[in-house]
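# Descriptive structure summary
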Amino acid sequence: MESRRFPCPFRWARSLGVAALLTSLPAIGSAACTSADPGGPPPTLPTGAERDTEVKHEACDMTAANAQRFDVNGDGKPDMTRVPDASGRELCRILDLNFDGAIDVFVYYDPAGRERRRESDYDRDGRADEIVSSRDGAVFLKERETNFDDKLDTWDYYEGGRLVRRERDSDGDGLIDQWWAFNDPTDDRCALVATDRNVDGKPDPETVLDLCAEARAKQAATPPKPQAPAPRPSGAAPLPTVPAPVLPAGAPTAPQPGATSPR
């Protein structure tokens, strides 16, 4: 499911000052180095940006004879159903999180008992809006339906638990037309976004947008705040210590109170 739609990325990334994109998106070559002429004939399909947008449900038999049902709120309807195999290992789990009688989440487990897939219905229409795929317990892909047309339109890719890139079909035609590269490990709101406006399956160089460019420019232009002086310790300041004078050898000393003066 890797992206192969970035023609000659070094040329357009460097010219726009976004060379960081090269380390965030696959730099895989293409036969052409520019997008098709918008005024020319329509592109020849397939463009390479086609994507299967069907929201596919993986079976989880809640009617199985050995399914374990739990009624958490005592309304007589199961809120959680665990479906094991013949050996007792849990294959999948069905959850009604808001106790309305409709299924909200299907969870699937690998042989080691780790979550490998999760289908979530957020708008309560009985269909999954997000499918999260995991490997060895770590998320590597999220497929989402975001515009209520019951078709996938967003694919998020993770590495080491961090979102690194996104592909989107923003107009619902089944073709990827946006590529996002999350290039700031400290802020997952920052990304470089490229768009395909002429439907040739390739990002158009003039469309690259750095979502955090303005914020970084403001931060660079803001002078650092002066550091406040360190607070003084509370209480009265101690009096300075004056060292006692050192007298030369044989010098007379002042008489002490009560002593007899020499004659």
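Everything below is about the structure shown above.
About the cut-offs
- Counting from 1, residues in each chain are numbered in the order their sequence is written.
- It should be noted that, the model being predicted, local features are given only for residues of pLDDT at least 70 and side-chain atom pairs only at 80 or more, the latter also being counted only at that level, while totals for whole chains, interfaces and linings use all residues.
- To get the side-chain values, all heavy atoms of the structure are used, and hydrogens and water are removed first.
- Only DSSP runs of H or I reaching four residues or more are called helices, and only runs of E reaching two or more are called strands; each is numbered from the N terminus.
- By definition, residues are in contact when any of their heavy atoms lie within 4.5 Å.
- Note that accessible areas follow from Shrake-Rupley with a 1.4 Å probe, and for residues the cover is restricted to the protein chains shown.
- Between any two strands, at least two bridges found by DSSP are needed for them to pair.
- Exposure classes here rest on a 1.4 Å probe applied to the protein chains alone. A residue is buried below 20% of its type maximum, exposed above 50%, and partly exposed in between.
- Of the grid points, spaced at 1 Å and generated over the protein atoms alone, those admitting a 1.4 Å probe that cannot get out make up cavities, while open sets with protein on both sides within 12 Å along at least five of seven lines make up pockets; any residue with an atom within 4 Å of a point is treated as lining.
- Grid points are joined across faces, edges and corners, and a volume is the space filled by probe spheres set on the points.
- Cysteine sulfur atoms are paired as a disulfide whenever they fall within 2.5 Å.
- Each nonpolar core is a collection of buried residues, namely Ala, Val, Leu, Ile, Met, Phe, Trp, Tyr and Cys, held together in the definition by side-chain atoms within 4.5 Å.
- The criterion for an aromatic pair is that two Phe, Tyr or Trp rings (for Trp, the six-membered ring) have centres within 6.5 Å, with stacked assigned to planes under 30 degrees apart, edge-to-face to planes over 60 apart and tilted to the rest.
- Counting as a charge over the ring demands two things of the Lys NZ or Arg CZ atom: a distance within 6 Å of the ring centre and an angle within 35 degrees of the ring normal.
- When charges are counted, Lys and Arg contribute as positive and Asp and Glu as negative, whereas His and the chain ends are disregarded.
- One side-chain nitrogen of Lys or Arg within 4 Å of one carboxyl oxygen of Asp or Glu is enough to make a salt bridge.
- In protein, a polar contact means a hydrogen-donor-capable atom and an acceptor-capable atom, both N or O and within 3.5 Å, with residues adjacent in sequence counting only if both atoms are side-chain atoms; elsewhere, any N or O pair within 3.5 Å suffices.

In this section: the overall build of the protein. The helix and strand tally for the protein stands at three helices and twelve strands. A separation of at least 24 residues holds for 31% of the contacts in the protein among residues at least 6 apart in sequence. Accessible area of the protein: about 17,000 Å², with a carbon and sulfur share of 56%.

With that out of the way, let us pick up the sheet that holds strand 11 (residues 192–195). Across a sheet, strands are paired by hydrogen bonds formed along the backbone, either parallel or antiparallel in direction. Taken together, the twelve strands give an open sheet; going across it, the order is 1-2-3-4-5-6-7-8-9-10-11-12, and neighbouring strands pair in antiparallel fashion. Each edge of the open sheet carries a strand with a single partner, namely strand 1 (68–70) and strand 12 (209–210). Both strand 9 (residues 162–168) and strand 10 (residues 178–181) contribute to a ladder of four bridges, which runs antiparallel. Looking at strand 10, one finds that arginine 168 is bridged to glutamine 178.

One can find alanine 112 in the loop between strand 4 (105–109) and strand 5 (115–120). Since its relative accessible area comes to 56%, alanine 112 is described here as exposed. Residues alanine 112 and aspartate 136 lie 24 residues apart in sequence; the distance between their C-alpha atoms is 8.6 Å.

Here the focus is the layout of surface pockets. A water-sized probe, rolled over the atoms, reveals where empty space remains. In this structure, the largest pocket occupies an estimated 190 Å³ of space. His57, Phe106, Gly126, Arg127 and Ala128 are, among the 14 residues lining the largest pocket, the residues nearest its centre.

On to the state of the cysteines. Following the criterion strictly, the structure yields two disulfides and no others. The disulfide that involves cysteine 60 links it to cysteine 92, with 2.0 Å between the sulfurs. The chirality of the disulfide connecting cysteine 60 with cysteine 92 is right-handed, given an S-S dihedral of about 95°. With a gap of 32 residues between them, cysteine 60 in the loop between helix 2 (21–24) and strand 1 and cysteine 92 in strand 3 (residues 90–95) connect regions that are remote in the sequence. Under the relative-accessibility criterion, cysteine 60 is labelled buried at 10%. The residue that forms a disulfide with cysteine 190 is cysteine 212, at a sulfur-sulfur distance of 2.0 Å. Here the disulfide of cysteine 190 and cysteine 212 is left-handed, its torsion about the S-S bond being about -90°.

Let us now look at the nonpolar core. Counting ten residues, the largest nonpolar core consists of Ala49, Val55, Ala128, Ile131, Leu141, Leu152, Trp155, Tyr157, Ile176 and Trp179. In this structure leucine 152 touches Asp52, Thr53, Glu54, Val55, Glu143, Arg144 and Glu145, once residues within four positions along its chain are discounted.

Mapped onto the fold, leucine 97 is located in the loop between strand 3 and strand 4. Each C-alpha atom, one on leucine 97 and one on aspartate 79, is 7.0 Å from the other, the two residues being 18 residues apart in sequence.

This part covers the packing of aromatic side chains. Per the stated rule, a full pass over the model turns up one aromatic pair. Here tryptophan 180 and phenylalanine 182 contribute two aromatic rings whose centre-to-centre distance is 6.1 Å and whose plane-to-plane angle is 20°, an arrangement assigned as stacked. One exposure class covers both tryptophan 180 and phenylalanine 182, and it is buried. Of note, arginine 165 hangs over the ring of tyrosine 157, and the distance from its end group to the ring centre comes to 3.9 Å.

What follows concerns the side chain of aspartate 184. For aspartate 184, the position within the fold is in the loop between strand 10 and strand 11. Lacking a salt bridge, the buried aspartate 184 has arginine 216 as its closest oppositely charged neighbour, with an N-O distance of 4.2 Å. Polar contacts involving the side chain of aspartate 184 include one to the side chain of threonine 186, which spans 2.6 Å. Leaving out residues up to four positions away in the same chain, aspartate 184 has contacts with Arg162, Cys190 and Arg216.

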